[in-house]
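Remarks on the overall topology
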Amino acid sequence: MGNFQEKISFIWDLADLLRGVYKRNEYQKVILPFTVLKRFDCVINDSRKAVLETYNKYKGQFENMEPILQNAAKDKNGNPLGFYNYSKYDFKTLLQDPEHIEQNLINYLDFFSENVQDIFENFHIKAHITRLAKADLLFLLIKKFSESKVDLHPDVVSNHEMGTIFEELIRKFAEQSNEEAGEHFTPRDVVKLMTKLIFVENGVNLEKKDIIKLVYDPACGTGGMLTSCKDFITSINKDVDVILFGQKVNEEIYAICKADMLMKGENDKNIRGPFS
C-alpha cells in the first residue's frame, strides 16, 4: 500500500475535529471505533445490495433470519463474510440527511449482525455518537471518513495492512496519553522473533499431514501475535488447520482484535473480552 502512511496521518488528523469537546487522552475513544466502522462499511459494500434484498424478501417469514442473511453476505469472489448489515444506510447515504444523522447512524449500527454489534458495544460507540451529535460534530466526522483518502476497502487495504494501521494508531494515541503502547500491542519485529522461538526452538514438527494446531494468546492485543503464528505455520505447511484463540481485558483493544479476526475469516467466538 503505497499511501499507507498517508492513511494513518489522515485518520490521525481527524482528532483536530474533537478538540474542545474531547480531551487529548479521549481521542482514541472516537477515532478507533469510527475507523473500525469505516472498515466494515467498505468490506460489506460488495454484499450490501444482496443482503438488503434478501432481508426484504424473507422478513416476517422466519423467526431467525441470521442463517439466511449470513448466506447472502459474500465478498465479490463469493466467499462468506461471516457478518452482514441489512440497513439501507452507509457512510455516503448518511450524509444525505444531516438533520437525522444521529438516528440514522444508530439504525445502521443496529442492523449489523450480532457479532459486529458486540464489537461496537465494547467501544461504547452510541454514547459517543450522542456526544458528537450534541456538539454538531457527527456530520463533520462522517463526512471526513467518507473522503477518498480513507478508502479502506479490501481491494485498497489488505487485512494485514489494516492491522498495521490499527497498531500504529494505538501507538500514537498511547504516546499522546503518556501510556505504554506495549500494553496493547507488540512491535512486528518482536512478534516475528517470538513466533520463530515458539515454533523453531521448541522443535514443533509442522510438516506432518492432517494435523491441527491450536494457538492461544492470553494477552492478544490487536491480534498481531495470533496472525503471525498462523502465517508462520502455513508458510511451512499450508494444509495445517490452525485454530486461533485469544483474550484481552481492555474493551477497545478486544473490539479491534475481534473485528480483525472476523474480517480475516477466523472464528471470532474464540476471541474473548472482559465480559464475554
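Residues numbered from 1 in each chain as written. Predicted model: local features only at pLDDT ≥ 70, side-chain atom pairs only at ≥ 80, totals over all residues. Heavy atoms only, no water.

Examining the sheet that holds strand E2 (residues 241-247)
As a reminder of what qualifies: We call two strands paired when DSSP finds no fewer than two bridges between them. In DSSP terms, a helix is any run of H or I states spanning at least four residues, a strand is any run of E spanning at least two, and both are numbered starting from the N terminus.
Strand order across the open sheet formed by three strands is E1-E2-E3, with parallel pairing between neighbours. Each edge of the sheet is formed by a strand with only one pairing partner; in this case those strands are strand E1 (212-217) and strand E3 (271-272). Here six bridges tie E1 to E2, and the two strands are oriented parallel to one another. Each residue of the ladder has a partner; that of Ile 212, found in E2, is Asp 241.

Brief notes about the nonpolar core
The criterion, for reference: By nonpolar core we mean a set of buried residues, namely Ala, Val, Leu, Ile, Met, Phe, Trp, Tyr and Cys, connected to one another through side-chain atoms within 4.5 Å. Here's how the labels work: a residue is buried when its accessible area is under 20% of the maximum for its type, exposed when over 50%, partly exposed in between, all with a 1.4 Å probe on protein chains only. In this analysis, two residues are considered to be in contact whenever any of their non-hydrogen atoms come within 4.5 Å of each other.
In terms of nonpolar packing, the biggest core is built from 63 residues, with Phe 34 and Phe 40 touching the most fellow members. At nine residues, the largest contribution of residues to this core is made by helix H2 (residues 28-43). Here Phe 40 is in contact with Phe 83, Phe 112, Val 116, Ile 119, Phe 120, Ala 259, Leu 262 and Met 263, once residues within four sequence places are set aside.

Some details on H2
In plain terms, the rule: Given a helix with a known number of residues, its expected span is that number minus one, times 1.5 Å.
Between its first and last C-alpha atoms H2 spans 22 Å; for 16 residues at 1.5 Å apiece the expected length is 22 Å, and the two agree. Most of H2 sits inside the fold, with 15 of its 16 residues counted as buried.

Section: the confidence of the model for the chain
This is how it is decided: Across the chain, each position has a pLDDT score giving the predictor's confidence in that residue, from 0 to 100.
Summary statistics for the chain give a mean pLDDT of 90 and a share of 94% for residues scoring 70 or more. Highest mean pLDDT in the chain belongs to helix H6 (residues 101-110) (98); lowest belongs to helix H11 (residues 188-201) (82).

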